[in-house]
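Single-letter residue listing:
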Amino acid sequence: MEEQVSRFKGNQKLRNWFVAILLAGTFTMSISQSSLSTAYPTLMRYFGVSATTIQWLTTGFMLIMCIMMPISPWLLNNVPFKRLFQAVLLLFDVGTLIILVAPSFPIMMLGRILEAVGVGILFPAYQSVMLTITPAESRGATMGVAGLVMGSALAIGPIISGIVLKFTTWQGLFVVFALIITLVFALSFRFISNVMTLKPTQLDFISVISSVGLIGLLFVINQLGKPGVNWPAQFGLLAVSLLMLVYFVYRQFHTTKPMLELRVLKTFNYDLAVLLTGFSYIALIVTTIIFPLYYQGVLHLSPFASGMALVPGAVLLSLLNPVTGKLADRIGFKRVLLIGMGMITMGWGILFVCSRSLNLIAMMGIAMLIEGGNAFVMMPATTLGANSLADNLIAHGTAVITTVRQILGSLGVAIATIILTTVTQNQVVKGYRHQVATQTGYRAVFFTFFLVAIFGLVMAVLIKNTKKTTK
């Protein structure tokens, strides 16, 4: 970190520019992950494809992103950060330009794959860099700002997409992405430094190949609840994928220079932090997906109005992320995590108990409670997990957290979809009116995630504030 020390020491303005450019690029990429769902109907008509096909713009993006996350620590150790950051920006920009001129859906999908490669590398990397350049006693505040990327961008993405699509075509959304990323790329030459110490090693291609089992696992998870799935083939794919992942884990523990250092999982406090970030992410992503469906299916709002109803929760999440980081530095991470999981648990509990009598205002208030709770959990838990590790393991630790978070988020959405569909259909078969059956389905979803939140609250009780570990 020689360049980082010499450039940032005594120069807070330069450091602030570094962080701002890093977060601007990551924030824009994060928005691209969640923003397309609003544009699905438009894209289906434009390319003449079905809803199942168009969903690959998000599903395929997530699969490719997840396979790149375990490789991120190796890249940080072997490629100067400035060059890596610029390569990721360029890759994302090229993918976005391909999407803008795509004459067919397969070409657009190619552009999304290139975008996903960049996002998959950068998501763990930016967290590792933020933690590395920040003293342990100030990490809460810094990662609170970083939480704007992971939490707020996910919640804001569909909102921004809805606003852009109201005034322009779907291409306008990608024009915005391209302009911002191009500007960040230009500024990176002036303000981005090589802040990570290089430790060159050979890339373990066997580990890379076996990690592809993640794609198979997430693909099968995303088939849950869908009609007409060939389940014998899916179970076969699941078995192969799990075998590949088991071998991947075995190899990381039995090679001298693993691609992803899974020995971080031997630290119990870190394991609790991993699960807490995952559970808070489940609460956030399920809220941003299920609540608009509830607004449309039960409260009979328009798609645009249901998207706008998410704005208060997203704004609160954005405002709280920096505050909770500073609060964690001041009163301790454990207390902040308990507050956050308490808010999330309370939100899902109210939904379960009172779901039959909640109007739009009440639902928006509960969404704010759950999303506000996420601000108290996701990044503080990530920071506490990093503080439980030695500095040389932070890059590996953040890669594990980011990957697990994505898997749990996908599993949460799949479970919510299955429960909603299955319970609603069973109620219809029993003779209940569709409105009553739908409300019962949502109530079952709320109860499920109330139980998940209680489990997360127990983990927040068990976790410990830790002093920074040294090498």
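Just so it is clear, the structure is predicted and the values come from calculations on it, not from any experiment.

Turning our attention to the pattern of salt bridges. Counting across every chain of the model gives three salt bridges. As a salt-bridge pair, D204 and R251 come within 2.7 Å of each other at their nearest N and O atoms. Within this pair, whereas D204 is found in the loop between α10 (170–191) and α11 (205–210), its partner R251 is found in helix α13 (residues 231–254), the two being separated by 47 residues in sequence.

The subject of this paragraph is the nonpolar core. One finds F18, L22, L43, F81, F85, M108 and V129 to be the most contacted residues of the largest nonpolar core, which totals 86 residues. Examining the composition of this core, we find that 13 residues originate from one element, helix α8 (residues 105–132), more than from any other.

Residues of the chain with pLDDT of at least 70 account for 92%, and the chain-wide mean is 83. Within the chain, helix α7 (residues 81–101) carries the highest mean pLDDT (93), whereas helix α1 (residues 2–8) carries the lowest (51).

Further remarks concern the environment of L411. Within the secondary structure, L411 sits in helix α19 (residues 394–429). Exposure remark for L411: the relative accessible area of 30% places this residue in the partly exposed category. When the C-alpha atoms of L411 and L224 are compared, they prove to be 9.1 Å apart, with 187 residues separating the residues in sequence.

Of note, T424 is situated in helix α19. Take T424: its relative accessible area is 11%, and that puts it in the buried class. For T424, the side chain forms a polar contact with the main-chain oxygen of L420, separated by 2.6 Å. Beyond its immediate chain neighbours, meaning those up to four positions away, T424 contacts I419, A437, T438 and G441.

The next point concerns empty space enclosed by the protein. One pass over the full model with this rule turns up one cavity of 30 Å³ or more. Of the volumes computed, that of the largest cavity is approximately 40 Å³. F279, I282, A283, I344, W348, F449, V452 and A453 together form the lining of the largest cavity. Put simply, the parts of the chain that give the lining of the largest cavity at least two residues each are α14 (268–297), α17 (333–354) and α20 (434–462). Of the residues contributing to the lining of the largest cavity, the split by class is eight nonpolar, no polar and no charged.

On to helix α12 (residues 213–223). When you tally the buried positions in α12, you get 10 out of 11 residues, the bulk of the element. Looking at α12, one finds that the buried residues are G213, L214, G216, L217, L218, F219, V220, I221, N222 and Q223. The inward-facing, buried residues of α12 abut α5 (56–68), α11, α13 and α19.

Under the defined criterion, the tally for this structure stands at 20 aromatic pairs. Geometrically, the ring pair formed by Y46 and W170 is edge-to-face, given 5.2 Å between the ring centres and 75 degrees between the ring planes. One end of the pair, Y46, is in helix α3 (residues 40–47); the other, W170, is in helix α10, and 124 residues separate them in sequence. Among the residues examined, Y46 registers a relative accessible area of 46% and is labelled partly exposed. Here the aromatic rings of F352 and F447 are separated by 4.8 Å at their centres, their planes lie at 45 degrees, and the arrangement is tilted.

The terminal C-alpha atoms of helix α16 (residues 311–331) lie 29 Å apart, and with 21 residues this matches the ideal 30 Å at 1.5 Å per residue to within 8%. Its axis deflected by about 35 degrees at L320, α16 carries its strongest bend there, up to four residues before the proline P322.

As a further point, take the environment of P106. Mapped onto the elements of the fold, P106 is located in helix α8. Classification of P106 as exposed rests on a relative accessible area of 56%. Note: C-alpha distance between P106 and P200 (94 residues apart in sequence) is 37 Å.

Procedures and definitions
- Position numbers for residues count from 1 along each chain, tracking the sequence in the order it is written.
- Local features in this predicted model are restricted to residues whose pLDDT is 70 or higher, and side-chain atom pairs enter the listing and the counts only when it is 80 or higher, whereas totals over whole chains, interfaces and linings include all residues.
- Calculation of side-chain values draws on the structure's entire complement of heavy atoms; hydrogens and water are dropped beforehand.
- Salt bridge, as used here, is a side-chain nitrogen of Lys or Arg placed within 4 Å of a carboxyl oxygen of Asp or Glu.
- Secondary structure elements follow DSSP: runs of H or I of four or more residues count as helices, runs of E of two or more count as strands, with numbering from the N terminus.
- Note on terminology: a nonpolar core comprises buried Ala, Val, Leu, Ile, Met, Phe, Trp, Tyr and Cys residues joined through side-chain atoms within 4.5 Å.
- Working definition: with a 1.4 Å probe on protein chains only, accessible area under 20% of the residue-type maximum means buried, over 50% means exposed, and in between means partly exposed.
- A score between 0 and 100, pLDDT records how confident the predictor is in each residue.
- Polar contacts, as counted here, are pairs of nitrogen or oxygen atoms within 3.5 Å of one another; within protein the pair requires one atom able to donate a hydrogen and one able to accept it, and residues that are adjacent in sequence qualify only if both atoms are side-chain atoms.
- Contact between two residues is taken to exist if any of their heavy atoms lie within 4.5 Å; hydrogens are not considered.
- Using only the protein atoms, space was sampled on a 1 Å grid; points where a 1.4 Å probe fits but cannot get out form cavities, open sets with protein on both sides within 12 Å along at least five of seven lines form pockets, and lining residues are those with an atom within 4 Å of a point.
- Grid points are joined across faces, edges and corners, and a volume is the space filled by probe spheres set on the points.
- For this scheme, ten residues count as nonpolar: Ala, Val, Leu, Ile, Met, Phe, Trp, Tyr, Cys and Pro. Four count as charged, namely Asp, Glu, Lys and Arg, and the remainder, Gly too, count as polar.
- Aromatic rings from Phe, Tyr and Trp, with only the six-membered ring used for Trp, were paired whenever their centres fell within 6.5 Å, and each pair was classed as stacked if the ring planes differed by under 30 degrees, edge-to-face if by over 60, and tilted otherwise.
- By this rule the span expected of a helix is its residue count minus one, scaled by 1.5 Å.
- The reported bend at a residue is simply the angle between two axes, fitted to the 7 residues ending at it and to the 7 residues beginning with it.

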